[in-house]
Amino acid sequence: MSLRVTNDPEACDHGQWARFVREHPNGNIFQTPEMYRVFSATKNYEPIFIACQEVDSLLGVLLAVVQKEGPGVLGRLSARSIIWGGPLVLDEDTTVLDTILTEYDSIVRKKSIYTQVRNLFPMERQRECLQKQGYSFEDHLDILIDLDRPVESLWKSLHPTRRKQIERGYRRGVTFSYHREPSPEMISACYDLIATLYERIKLPFPKKDFFENSVRELMDRIGFFVLKYKGRIIGCRLALVYGRLIYDWYAGSDVNSLDKYPNDILPWEVMKWGAENGYAVFDFGGAGKPNEQYGVRDYKKKFGGSLVNFGRFEKVHQPLRMRAAKAGFKLWRIAKR
């Protein structure tokens, strides 16, 4: 096998890249050329792309993004590389996977403190190769909801309390709408709700340009699910769609409007919309680690669905900065109180 590896996205035909991801059994939106363009256009984000080819055939791709919280020292102490749903390798060939990871490591170790691979599918066949490359595995749960059934069945799978609160919210006068082409004003209103949530739970969050770039580049693959009360947006949920999957992405709600139940209504409306439009699975996102209490998991489980443990892989590239970053993050969270 004569392999050729490149880290130049312009050296890879984007149509071929998109087709490879689309036809791969585990293909997902986070490994597409469109997502690469989102990362490229976003301040403090730097994508890393690796492709492995044999002659003119594409055998594997990896898209990662190095995220920083700002320039200078802050940037160096917050630089982390995230890989969602990748690498994608034809027939899970370990030689190709090893080639991609070796090239990736030669680049990322100079740019990022650590890499986290957030798995969107079982990675058992890739696990040995990743661990040989220095990645450690940790359990991490996700919740998948079957949408390939009648809406009535989906409704009955909700916890009775969820059904009651959804009905109560609508009786209190909220209105729901779905948008594939949100206005700038809607993007701003939704961003403010999301930013407020992340500030409250003391976690870093993307800047506004990330969402603006996503709307422009992802186009019909991003949906805004919006709840209003008396004409004002009180809740939003942003979802990504790819193939027959819907990915729960970002959400926010007005803490003064929780008596209208936006956090119950909006996931239901996403699920309902998905079932009515031919989608098979709603990926409800992270549910924490097994055997550890996690309120978000308890909340999500009441919408039905199945717990899966795809786990995560992590590799530290700069141990000294990793220790400094952990200490700095603790101080940052204290300062946010």
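Treat the numbers as computed from the prediction; the structure is a model and nothing was measured. (Residues numbered from 1 in each chain as written. Predicted model: local features only at pLDDT ≥ 70, side-chain atom pairs only at ≥ 80, totals over all residues. Heavy atoms only, no water.)

**Q** Where do I start with the overall build of the protein chain in this structure?
**A** Looking only at helices and strands, the protein chain features twelve helices and 15 strands. The C-alpha atoms of the protein chain give 20 Å as radius of gyration, which agrees with the globular expectation for 337 residues (20 Å, within 12%). With the C-alpha coordinates of the protein chain rotated into their principal frame, the extents come out at 65 × 45 × 40 Å. Put simply, 73% of the contacts in the protein chain that link residues at least 6 apart link residues at least 24 apart. Per element, the accessible surface of the protein chain, about 16000 Å² overall, is 49% carbon and sulfur. Considering the protein chain, the positive charge centre built from 51 side chains and the negative charge centre built from 42 side chains are found 9 Å apart. (Helix = DSSP H or I, 4+ residues; strand = E, 2+ residues; numbered from the N terminus. Rg over C-alpha atoms; globule rule 2.2 N^0.38 Å. Contact = heavy atoms within 4.5 Å. Areas by Shrake-Rupley, 256 points an atom, 1.4 Å probe, with all protein chains shown as cover. Lys, Arg positive; Asp, Glu negative; His and termini not counted. Charge placed at Lys NZ, Arg CZ, Asp CG, Glu CD.)

**Q** Honestly, the packing of helix α8 (residues 184-200) against helix α9 (residues 208-218) in this entry has me stumped. Any pointers?
**A** Pairs of packed helices are described in terms of their axes, by the angle between the two and the distance that separates them. Contact geometry of α8 with α9 gives a least axis separation of 10 Å together with a crossing angle of 135°. On the basis of the axis angle, α8 is oblique to α9. The crossing of α8 and α9 is right-handed. Contacts from Ile187, Ser188, Tyr191 and Ile194 of α8 reach α9 at Lys208, Phe211, Glu212 and Val215. For the contact of α8 with α9, the residue count by class is five nonpolar, one polar and two charged. (Axes fitted to C-alpha atoms, helices over the stretch in contact; angles between N-to-C directions. Parallel < 35°, antiparallel > 145°, perpendicular 65-115°, else oblique. Left-handed = near helix turned anticlockwise from the far one by under 90°. Nonpolar A, V, L, I, M, F, W, Y, C, P; charged D, E, K, R; others polar.)

**Q** Can you walk me through helix α1 (residues 14-23) in this structure?
**A** Because the α-helix completes a turn every 3.6 residues, residues three or four places apart line up on one side. Among all positions in α1, only Gln16, Trp17, Ala18, Phe20 and Val21 are buried. A side-chain oxygen of the first residue of α1 lies 3.0 Å from the backbone nitrogen of Gly15; this N-cap is Asp13. (Buried < 20%, exposed > 50% of the residue type's maximum accessible area, 1.4 Å probe, protein only. Polar contact = N/O pair within 3.5 Å; in protein donor to acceptor, adjacent residues only side chain to side chain.)

**Q** Would you mind going over the pairing of strand β13 (residues 281-286) with me for this structure?
**A** Along any regular strand the residues' side chains alternate between the sheet's two faces. Sheet analysis places strand β8 (residues 142-146) next to β13, joined by four bridges and oriented antiparallel. Residue pairing across strands places Asp142 opposite Gly286, the latter belonging to β13. In the sheet, strand β12 (residues 245-253) pairs with β13 via three bridges, with the strands oriented parallel. In the sheet register, Ile246 faces β13, and the bridge partner there is Phe282. Handedness of the crossover is the feature at issue here: the chain leaves β12, passes through helix α10 (residues 262-276), returns alongside β13, and the resulting connection is right-handed. (Pairing = 2+ DSSP bridges. Right-handed = clockwise from strand over helix to strand, strands pointing away.)

**Q** What is the right way to look at the nonpolar core in this model?
**A** The tendency in soluble globular proteins is for nonpolar side chains to be buried side by side. In terms of nonpolar packing, the biggest core is built from 69 residues, with Phe30, Met35, Val61, Tyr104 and Leu240 touching the most fellow members. Those residues within four positions of Tyr104 in sequence are excluded, and the remaining contacts are Ile48, Ile50, Leu62, Ala64, Ser81, Ile83, Thr115 and Tyr135. Ile166, Leu227, Met271 and Phe284 belong to the second-largest nonpolar core, a separate cluster that totals 26 residues. (Core = buried A, V, L, I, M, F, W, Y, C linked by side-chain atoms within 4.5 Å.)

**Q** What should I look at first to understand the side chain of Gln116 in this one?
**A** Topologically, Gln116 is positioned in strand β6 (residues 114-118). Polar side-chain contacts of Gln116 include one of 2.6 Å to the side chain of Arg118. In this structure the side chain of Gln116 is engaged in a polar contact, spanning 3.5 Å, whose partner is the side chain of Arg312. In contact with Gln116, not counting residues within four places along its chain, are Ser81, Ile82, Ile83, Arg312, Phe313 and Glu314.

**Q** Please explain the packing of aromatic side chains as it appears in this structure.
**A** Pairs of aromatic rings are described using the distance from one ring centre to the other and the angle between the two planes. Enumeration according to the criterion identifies 28 aromatic pairs in this entry. Considering the side-chain rings of Tyr178 and Phe225, the 4.8 Å spacing of their centres and the 50° angle between planes classify their relative orientation as tilted. In this pair, Tyr178 sits in strand β9 (residues 174-179) while Phe225 sits in strand β10 (residues 222-229), placing the two residues 47 residues apart along the sequence. The exposure class assigned to Phe225 is buried, which follows from its relative accessible area of 1%. (Phe/Tyr/Trp six-rings, centres within 6.5 Å; stacked < 30°, edge-to-face > 60°.)

**Q** I tried to follow the sheet that holds strand β14 (residues 306-308) on my own but got confused; where do I start?
**A** Two orientations exist for strands paired in a sheet by backbone hydrogen bonds: parallel and antiparallel. With mixed pairing, seven strands are arranged side by side in an open sheet as β9-β10-β11-β12-β13-β8-β14. At either end of the open sheet lies a strand with only one pairing partner, and these are β9 and β14. Within the sheet, the average angular offset between the axes of one strand and its neighbour, ignoring direction, is 25°. Across the sheet, α8 lies against β9, β10, β11 (232-242) and β12, angled at about 95° from β11, the strand it touches most.

**Q** What should I look at first to understand unusual backbone geometry in this one?
**A** Trans is the common state for peptide bonds, and a negative phi is the common state for residues other than glycine. Residues Gly86 and Pro87 are joined by a peptide bond in cis, for which omega reads 0°. Tracing the chain through its elements places Pro87 in the loop between β4 (80-84) and β5 (88-89). A positive phi angle, close to 60°, is found at Lys202, a residue other than glycine. Tracing the backbone through its elements, the reader meets Lys202 in the loop between α8 and α9.

**Q** Whenever I open this one, the environment of Tyr104 confuses me. Can you help?
**A** Within the secondary structure layout, Tyr104 lies in helix α4 (residues 94-108). When its relative accessible area of 0% is taken as the criterion, Tyr104 is described as buried. Taking C-alpha positions, Tyr104 is 9.8 Å from Ala51, a pair spaced 53 residues apart along the chain.

**Q** Would you mind showing me how to read the environment of Val21 here?
**A** You can see Val21 is positioned in helix α1. Along the sequence, Val21 and Val89 sit 68 residues apart, while their C-alpha atoms lie 9.4 Å from each other. Setting aside its immediate chain neighbours within four residues, Val21 contacts Gly27, Asn28, Gln31, Thr32, Val61, Leu88 and Tyr242.

**Q** Please clarify how the pairing of β8 should be interpreted in this entry.
**A** Where β8 meets β14, three bridges bridge the pair, whose relative direction is antiparallel. The residue of β14 that forms the bridge with Leu144 is Ser306.

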